[in-house]
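Working through the structure, step by step
The primary structure of each chain is shown beneath.
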Amino acid sequence: MKFFNEFERKYHRFAIPNLMNYITILYAAGLLIWVTNNQWIYFQYLSLDVGAILHGQVWRLVTFLVYPPALGNLRFTTLLMGVLMLLTYQNLGQTLEHIWGSFRFNVFFLMGVLAQIIACFVGYLVFHQNWMLATGFLNSSIFLAFAVLFPDAQFLLFAILPVKAKWLAIAECAQYLYSFVFYGTAVRVELVISMLNIILFFAMTRNYRKYAPKEIKRKRDFQKSVKILPKGATRHRCAVCGRTELDGENLEFRYCSKCEGDYEYCQDHLYTHRHVTKEQQ
């Protein structure tokens, strides 16, 4: 949208390049906390505890991000799954940043972080509950965004079974629906904000001009005006040697800007031909 493009133009220089690398470092620190069986450190000093934040522990607005993407009941399971999930989400985040650019990926991720923080404050101030949300649905929004862009990308489920991203995304959305129906208020609010994060971001960054009636009419008129070539006909022909695109896959053809008229030349004669003038025509 126009306002987002203007926003990006003004503030793109403030984007953090390779943001997912820094997030992965935070996740690795959180994984180390769990592997060493020091989870109490997270809940005592690092979690998104609004009550503690209102009493001056503002660092929790950032440190809650150390909660790793996947945890298990056993240390080995935690370490193995944690490392795999770190590598997976780092790859997903880097791919999104490569496609969108650093600024847009920054906006997407930070919108999710802000949504988590707002949800916790809503729970504390409105529902009088200290929810202490973590990064679970925030990471899920990264995967769902990836699945929207690359629905046919394959993941190895259980490191064996290849499954396309779109089917995993559908399964995850079904799980979201189940959690929304049968879980408590905290889960429902977190689900809503994680979905809104994806919806709002795509709504802000899509180009809606192609859906305008004038643009649709222009495309239709262009398609009607395009002539279908008869079988065996060619689109390009060198004005010097007469070769066409059928004479070789590597042949390239260009029009000469100095010739008066529509004269096209292959790469061998583009710079060596004699320019055509009105006197020669």
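Further up the page is the structure itself.
All of the points below concern the structure found in this document. Computed from a prediction, not measured in an experiment: that's the story for all the values here. (Residues numbered from 1 in each chain as written. Predicted model: local features only at pLDDT ≥ 70, side-chain atom pairs only at ≥ 80, totals over all residues. Heavy atoms only, no water.)

**Points about the overall build of the chain**
- The secondary structure content of the chain amounts to 11 helices and 4 strands.
- Buried positions account for 35% of the 281 residues belonging to the chain.
- In the chain, of all internal contacts separated by at least 6 residues, the share reaching a separation of at least 24 is 58%.
- On the chain, roughly 18,200 Å² of surface is accessible, and the fraction owed to carbon and sulfur atoms is 62%. (Helix = DSSP H or I, 4+ residues; strand = E, 2+ residues; numbered from the N terminus. Buried < 20%, exposed > 50% of the residue type's maximum accessible area, 1.4 Å probe, protein only. Contact = heavy atoms within 4.5 Å. Areas by Shrake-Rupley, 256 points an atom, 1.4 Å probe, with all protein chains shown as cover.)

**Here we look at the packing of helix α7 (residues 102-125) against helix α8 (residues 136-149)**
- Where α7 meets α8, the axes come as close as 10 Å, and the angle between the chain directions of the two elements is 145°. The way α7 lies across α8 gives a crossing that is right-handed. Taking contact as the criterion, the partners of Phe 108, Phe 109, Gly 112 and Val 113 in α7 are, on α8, Leu 138, Ser 141, Ile 142 and Ala 145. (Axes fitted to C-alpha atoms, helices over the stretch in contact; angles between N-to-C directions. Left-handed = near helix turned anticlockwise from the far one by under 90°.)

**Some details on the nonpolar core**
- Counting 53 residues, the largest nonpolar core has Trp 100, Phe 109 and Ile 142 as its most contacted members.
- Elements with a minimum of two residues in this core: α2 (19-35), α3 (39-46), α4 (50-54), α6 (75-100), α7, α8, α9 (165-182) and α10 (185-205).
- In this structure, Leu 251, Cys 256, Cys 266 and Val 276 belong to the second largest nonpolar core, which totals 9 residues. (Core = buried A, V, L, I, M, F, W, Y, C linked by side-chain atoms within 4.5 Å.)

**Re the environment of Thr 135**
- Mapped onto the elements, Thr 135 comes out in the loop between α7 and α8.
- Given a relative accessible area of 0%, Thr 135 falls into the buried group.
- Those residues in contact with Thr 135 that lie beyond four places of it in its chain are Tyr 27, Phe 64, Leu 65, Tyr 67 and Pro 68.

**Quick notes on the side chain of Glu 97**
- The residue Glu 97 is located in helix α6 in this model.
- Here Glu 97 sits buried without a salt bridge, and the closest side chain of opposite charge, Arg 104, lies 12 Å off (N-O distance).
- Separated by 2.8 Å, the side chain of Glu 97 and the backbone nitrogen of Asn 18 make a polar contact. (Lys, Arg positive; Asp, Glu negative; His and termini not counted. Salt bridge = Lys/Arg side-chain N within 4 Å of Asp/Glu carboxyl O. Polar contact = N/O pair within 3.5 Å; in protein donor to acceptor, adjacent residues only side chain to side chain.)

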